[in-house]
Amino acid sequence: MADLDWTRIAAALAPVDVIDDPVTIKKRSRDFFWYSPILNAQLRHSFGDLVVRPKTREELAHVLAVAHGAEVPIVLRGGGTGNYGQAVPLHGGLIVEMTGMNRILEIGEGFVRAEAGALMADINAALMAEGWEMAMFPSTQDIATIGGFVAGGSAGIGSIANGVLREKGNILQLKALSVEDTPVEHVFDAADALQIHHAWGLNGAITEVTLRTVPTRDWVGCMTGFESYRACYGAGYALAASEEIGRKLCCTVDARIVAYFPRLEGHVPKGANLLVALVPKEDMAAFNALMAAHGGEVHLAMDDARRTALKLPHVFEFAYNHTTLQVLKSDRSATYQQIAVPDPSDAERVAAMAAALGEDVWPHHEFARIEGRIVAFDLPIIWFRDEARLREIDATYEAGGFAVADAHTFFVEGGGVKNVDYRHLAWKKRLDPKGLLNPGKSKVWEDVRHLSPEEIEARSQKEPAE
Ligand SMILES: Cc1cc2nc3c(=O)[nH]c(=O)nc-3n(C[C@H](O)[C@H](O)[C@H](O)COP(=O)(O)OP(=O)(O)OC[C@H]3O[C@@H](n4cnc5c(N)ncnc54)[C@H](O)[C@@H]3O)c2cc1C
């Protein structure tokens, strides 16, 4: 990028807002990759050259056209809350911050349509005022965008009730601009949404997102303590599997991790393993009975008014990857991994795995639903020694039948999606023929970029994506 005339490019981008202040550019070049010491070493010196903030689809189209003409890399950025360096520019270039395109366009029966840069928390607030809420949202809803969620996320609060993002009916429509001299907007209806979902901004600039919504309920944020993690996990599974009790969050956190939650001091006893849940008010009696049956004691049960009075954050800020964040706030030598539990109903096997792993791995399980089936995944705290020990931990999980979705790689094909998604790359060829979008994040693009979209797509038949 060194020989490019960025002053000239900035002038060509006018009238779109451009930020060339080096401090801001450095900040906008980062996401939460630093959760991983491995990614931190690889990515912390990768920076973009200019930040640009379009406010409308027309401004975004202008930015993409200028980038195409100048042949500069483009990294789309929402809130920058991804964990794998998805939004880090590996080869410099333009960082396109989408948060200026933030209008909520339509709220209807069971759906919301919004510009890609709208914040999930703003969308949820607007929905709740009309009796709806997002079917699922990440625990980062205060800073994450709806475009970033469909391009980089996968599940969240709500997934125990409504499945994961990629499931039929959750993404209703996506619109994305191509990177050409005259960018064209393509519409991906529900059946085609997976062509672009979770492609990390490699194959089009998403302008507009339509997601499923569900009727909102009076949610109560609950924290239940258990003496043993084994009992806590068992109660978590029972809640996840309950047909009687509604819940949009169900997760279990080892007591050693809970010790890193200073905000909960005085609210939950020291040494408690915690089940963190969001349960509808009308199901609280059944919830209390279920917790008691498993030996748990409900220490906190807060509707929003009580939570505000207690000055506590939402309970989901102690769940999903916020759990890891709470630990990292006091000790940067922690990291994590993403583990699928083979049979979530088998608490004995989960306990046996914990015993096999040793003292440097502390469990934290999230329960969700995929195609109606309950699934559990572990986002354990791992006290990082070196990569060799991390890989030994991975191998222990794998040997016990627990699949590892590596959180320590910046390749789109490297984490949860282990197979290559050739549909994504075929659309990259169609929408980004020069390969300017988020270069370096696909292991395979350079091998297939000379092929036609149809030839690239044909490879999925030989090697289907997950
Ligand atoms: C504390 C913490 C908790 C988290 N909890 C969850 C969780 O519960 N569930 C979950 O799924 N994830 C979670 N994540 C990961 C992340 O927060 C979410 O995936 C979030 O939705 C990403 O949104 P964002 O706006 O921050 O996207 P960014 O990080 O800005 O971008 C993510 C990817 O999408 C691309 N992108 C952004 N906008 C566009 C666009 N308009 N068009 C095309 N590509 C685009 C970027 O290039 C990048 O590759 C968590 C992360 C942290 C740090």
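Residues numbered from 1 in each chain as written. Predicted model: local features only at pLDDT ≥ 70, side-chain atom pairs only at ≥ 80, totals over all residues. Heavy atoms only, no water.

(A) Layout of the overall build of the protein. Per the secondary structure count, the protein includes 17 helices and 21 strands. Dimensions along the principal axes, computed over C-alpha positions, put the protein at roughly 65 × 50 × 45 Å. Of the contacts made within the protein by residues no fewer than 6 positions apart, 73% connect residues no fewer than 24 positions apart. When the accessible surface of the protein is split by element, carbon and sulfur atoms take 51% of a total near 18,500 Å². Side chains of the protein give 46 positive and 62 negative charges; the mean places of these two sets differ by 2 Å. (Helix = DSSP H or I, 4+ residues; strand = E, 2+ residues; numbered from the N terminus. Contact = heavy atoms within 4.5 Å. Areas by Shrake-Rupley, 256 points an atom, 1.4 Å probe, with all protein chains shown as cover. Lys, Arg positive; Asp, Glu negative; His and termini not counted. Charge placed at Lys NZ, Arg CZ, Asp CG, Glu CD.)

(B) Region of the structure containing the environment of Pro280. Examined against the element boundaries, Pro280 turns out to sit in strand 13 (residues 273–280). For Pro280, a relative accessible area of 0% puts it in the buried group. Considered as a pair, Pro280 and Gly246 are 34 residues apart in the sequence and their alpha carbons are 6.1 Å apart. Those residues in contact with Pro280 that sit more than four places away from it in its chain are Arg217, Asp218, Trp219, Gly246 and Arg247. (Buried < 20%, exposed > 50% of the residue type's maximum accessible area, 1.4 Å probe, protein only.)

(C) Here's a closer look at the site of the ligand. Around the ligand, the structure places 36 residues, and the nearest of them are Leu76, Gly78, Thr81, Thr145 and Ala155. A distance of 2.7 Å is found between an oxygen atom of the ligand and a backbone nitrogen or oxygen belonging to Gly78. Within the backbone of Ser154, a nitrogen or oxygen atom sits 2.9 Å from an oxygen atom of the ligand. Relative to its free-state accessible area of 970 Å², the ligand is covered by the protein chains to the extent of 97%. (Near = heavy atom within 4 Å. Polar contact = N/O pair within 3.5 Å; in protein donor to acceptor, adjacent residues only side chain to side chain.)

(D) Fine view of the environment of Val209. On the secondary structure map, Val209 appears in strand 10 (residues 205–215). Residue classification places Val209 among the buried residues on the basis of a relative accessible area of 0%. Between the C-alpha atoms of Val209 and Arg113, which are 96 residues apart in sequence, the distance is 5.6 Å. Other than its neighbours up to four places away in sequence, Val209 contacts Val112, Arg113, Ala114, Ile146, Gly147, Val150, Gln173 and Leu174.

(E) Molecular detail of the packing of aromatic side chains. In this structure the tally under the stated criterion is 16 aromatic pairs. Taken together through their ring pairs, the aromatic side chains of Phe32, Trp34, Tyr35 and Tyr336 make up a single cluster. Between the NZ or CZ atom of Lys26 and the centre of the ring of Phe47, over which it lies, the distance is 4.9 Å. Positioned above the aromatic ring of Trp427, the side-chain terminus of Arg430 is 4.5 Å from the ring centre. (Phe/Tyr/Trp six-rings, centres within 6.5 Å; stacked < 30°, edge-to-face > 60°. Lys NZ or Arg CZ within 6 Å of the ring centre and 35° of its normal.)

(F) Structural view of the sheet that holds strand 11 (residues 219–226). In spatial order, the strands read 14-11-13-12-18-19-16-21; together these 8 strands make up an open sheet with antiparallel pairing. Strands at the two margins of the open sheet, each flanked by one partner only, are strand 14 (297–302) and strand 21 (403–404). Packing against the sheet, helix 12 (residues 320–330) makes contact with strand 12 (249–253), strand 18 (364–370) and strand 19 (373–378), and its axis sits at approximately 165 degrees to strand 18. (Pairing = 2+ DSSP bridges. Axes fitted to C-alpha atoms, helices over the stretch in contact; angles between N-to-C directions.)

(G) Structural context of helix 8 (residues 229–241). In this model helix 8 runs 18 Å from its N-terminal to its C-terminal C-alpha over 13 residues, within 8% of the 18 Å that 1.5 Å per residue would give. Listed as buried for helix 8 are Tyr229, Cys232, Tyr233, Gly234, Ala235, Gly236, Ala238, Leu239 and Ala240. (Expected span 1.5 Å × (residues − 1).)

(H) The arrangement of the packing of helix 8 against helix 10 (residues 284–293) in detail. With their axes 9 Å apart at the nearest point, helix 8 and helix 10 run at an angle of 145 degrees to one another. Note on packing geometry: the crossing formed by helix 8 with helix 10 is right-handed. Between helix 8 and helix 10, the contacting residues are Ala235, Ala238 and Leu239 on the first element and Phe287, Leu290 and Met291 on the second. Partitioned by chemical class, the residues of the contact of helix 8 with helix 10 number 6 nonpolar, no polar and no charged. (Left-handed = near helix turned anticlockwise from the far one by under 90°. Nonpolar A, V, L, I, M, F, W, Y, C, P; charged D, E, K, R; others polar.)

(I) Seen up close, the domain arrangement of the protein. Taken as a whole, the protein is organised into domain 1 (6–98) and domain 2 (219–404). With 8 residues of domain 1 at the contact, the number on the domain 2 side is 13 residues. At the boundary of domain 1 with domain 2, total buried surface from both sides reaches about 850 Å², with 65% on carbon and sulfur atoms. If you look at where domain 1 meets domain 2, you find 0 salt bridges. (Domains from an automatic or database assignment. Buried area = accessible area lost by both parts, 1.4 Å probe. Salt bridge = Lys/Arg side-chain N within 4 Å of Asp/Glu carboxyl O.)

(J) Highlighting the nonpolar core. One finds Leu94, Met134, Ile146, Met223, Leu249 and Leu264 to be the most contacted residues of the largest nonpolar core, which totals 97 residues. Among the elements that make up this core, the one with the highest residue count is helix 4 (residues 57–70) (6 residues). Both domain 1 (6–98) and domain 2 (219–404) contribute no fewer than three residues apiece to this core. Other than its neighbours up to four places away in sequence, Leu94 contacts Trp6, Leu13, Leu50, Val52, Val63, Ala67, Val72, Pro73, Ile74 and Val75. (Core = buried A, V, L, I, M, F, W, Y, C linked by side-chain atoms within 4.5 Å.)

(K) Representation of the sheet that holds strand 17 (residues 361–362) in the model. Across the sheet, which stays open at both edges, the 3 strands sit in the order 15-20-17 with antiparallel pairing between neighbours. The open sheet has two edge strands, strand 15 (334–336) and strand 17, and neither has a second partner. Bridging between strand 17 and strand 20 (residues 381–383) involves 2 bridges; their strand directions are antiparallel. Along strand 20, the bridge assignment pairs Val361 with Ile382. Most of the contacts of helix 12 go to strand 15, to which it runs at about 170 degrees, and overall it touches strand 15 and strand 20.

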